[in-house]
Amino acid sequence: MHPAPSVIIFTTLSGLGFGLLTFLGLGMPDVTGWTAFWFFVIGYVLAVGGLISSTFHLGHPERAWKAFSQWRSSWLSREGICAVAALLVMALFGAGLVFFNSVWQPLGYLGALLSLGTVFTTSMIYAQMKTIPRWNMPWTPAKFLTLSLAGGALLAGQITLAVILLVIAGGITVATWIIGDSAFQRSGTDMETATGLGRIGQVTAFEPPHTGTNYLLREFVHVVGRKHAQNLRIIAGTLAFVIPVFILLVLPFSHVLALVAILSHIAGVACARWLFFAEAEHVVGLYYGKR
């Protein structure tokens, strides 16, 4: 798949933002007044900024509102509904903390649940796609949720939880890489099944379907070298998990080091997101001899 910058920014920032809002809804950290205000500002800037960036990948961003009407069949529509509901509920909960010094905890729990629901619905947009075997597995939602919670714990200053969640998210991320490498082969999809001509023997392409590029090639066919991907995996894992855990467990606490851990994690998640899209093989690539 073509790793569009807008979608990488969206999945990286919104996951972090809704992860932070989840912990704020659970009362972690237990803050009120201006301290709570700035925590909510960070959460909303990340969550809303990520959602806005996703619209730049649409052919007609002005029609994005129409997606809300397809909630019965579309995970994209469910994501939009969950996101709006989470932001509205958390805004009310945050108003109680900031302006009234009151903890309306039922709203907080509901907002945390909706925030996690938003991340889950985002992950299901990709996990339900049978045409991309690397995404079509239960590990995809697990990866999105653990990364969101790990980043949220970091931003919320929950050091112990952050270390635990970073280790879990790192393990699941590595698992998705390893399992995903053989997912296309295990799916049983090849040129014979794609064309329906396997019953008469091996199928090969006589020549490309056309001489120029098209939408399918631009959006659904992206080839990344194996050596290049392996190097990026090492970089992503080191930045997203190893460095933050090392800082939190080994080095003495300081706000500067905490900021370094957060920035390192964000950079690593962005790198992992690039790989998430770049390594994903759509079955349409079979028609163009890309596998």
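The structure displayed is predicted, hence computed values, not measured ones.

### A word on the packing of aromatic side chains
Link 1 in the chain: As enumerated under the stated definition, the model contains 13 aromatic pairs in all.
Link 2 in the chain: Relative to Trp38, the ring of Phe37 has its centre 5.1 Å away and its plane inclined at 75°; by these criteria the two rings are edge-to-face.
Link 3 in the chain: The exposure class assigned to Phe37 is partly exposed, which follows from its relative accessible area of 28%.
Link 4 in the chain: Assessed through its relative accessible area of 51%, Trp38 is described here as exposed.
Link 5 in the chain: By way of ring pairs, the aromatic residues Tyr126, Trp135, Phe144, Phe276 and Phe277 are connected into one cluster.
Link 6 in the chain: Across from the ring centre of Trp75, 4.6 Å away, lies the NZ or CZ of Arg78, which sits over that ring.
Link 7 in the chain: Here Arg273 stacks its cationic end above the ring of Phe144, 4.1 Å away from the centre of that ring.

### A short note on the nonpolar core
Link 1 in the chain: Core analysis: the biggest nonpolar cluster contains 51 residues, and Phe18, Leu21 and Tyr126 have the highest contact counts within it.
Link 2 in the chain: Those elements that provide at least two residues to this core are helix H1 (5-25), helix H2 (33-54), helix H3 (75-99), helix H4 (105-127), helix H5 (139-155), helix H6 (159-181), helix H10 (226-249) and helix H11 (255-278).
Link 3 in the chain: When residues in this core are grouped by element, the largest group, 9 residues, is from H1.
Link 4 in the chain: Among the nonpolar cores identified, the runner-up in size contains 9 residues, and Ala229, Leu232, Ala272 and Ala278 belong to it.

### Looking at the packing of H1 against H4
Link 1 in the chain: With their axes 8 Å apart at the nearest point, H1 and H4 run at an angle of 155° to one another. In terms of orientation, H1 lies roughly antiparallel with respect to H4. The way H1 lies across H4 gives a crossing that is left-handed. Contacts between H1 and H4 involve Val7, Phe10, Thr11, Phe18, Leu21, Thr22 and Gly25 on the former and, on the latter, Gln105, Gly108, Tyr109, Ala112, Ser115, Leu116, Thr118, Val119, Thr122 and Tyr126.

### Some words on a nonpolar patch on the surface
Link 1 in the chain: A cluster of nonpolar side chains, Phe68, Trp71, Ile81, Val84 and Leu88, forms an exposed patch at the surface whose accessible area comes to about 450 Å².
Link 2 in the chain: Mapped onto the fold, Phe68 is located in the loop between H2 and H3.
Link 3 in the chain: Relative accessible area serves as the criterion here: at 36%, Phe68 is assigned to the partly exposed category.

What counts and how
- Residues numbered from 1 in each chain as written.
- Predicted model: local features only at pLDDT ≥ 70, side-chain atom pairs only at ≥ 80, totals over all residues.
- Heavy atoms only, no water.
- Phe/Tyr/Trp six-rings, centres within 6.5 Å; stacked < 30°, edge-to-face > 60°.
- Buried < 20%, exposed > 50% of the residue type's maximum accessible area, 1.4 Å probe, protein only.
- Lys NZ or Arg CZ within 6 Å of the ring centre and 35° of its normal.
- Core = buried A, V, L, I, M, F, W, Y, C linked by side-chain atoms within 4.5 Å.
- Helix = DSSP H or I, 4+ residues; strand = E, 2+ residues; numbered from the N terminus.
- Axes fitted to C-alpha atoms, helices over the stretch in contact; angles between N-to-C directions.
- Parallel < 35°, antiparallel > 145°, perpendicular 65-115°, else oblique.
- Left-handed = near helix turned anticlockwise from the far one by under 90°.
- Contact = heavy atoms within 4.5 Å.
- Patch = residues over 30% accessible without salt bridge, like charges linked within 9 Å, V, L, I, M, F, W, Y side chains within 5 Å.
- Areas by Shrake-Rupley, 256 points an atom, 1.4 Å probe, with all protein chains shown as cover.
- Salt bridge = Lys/Arg side-chain N within 4 Å of Asp/Glu carboxyl O.

All we've got here are geometric facts, nothing functional implied.
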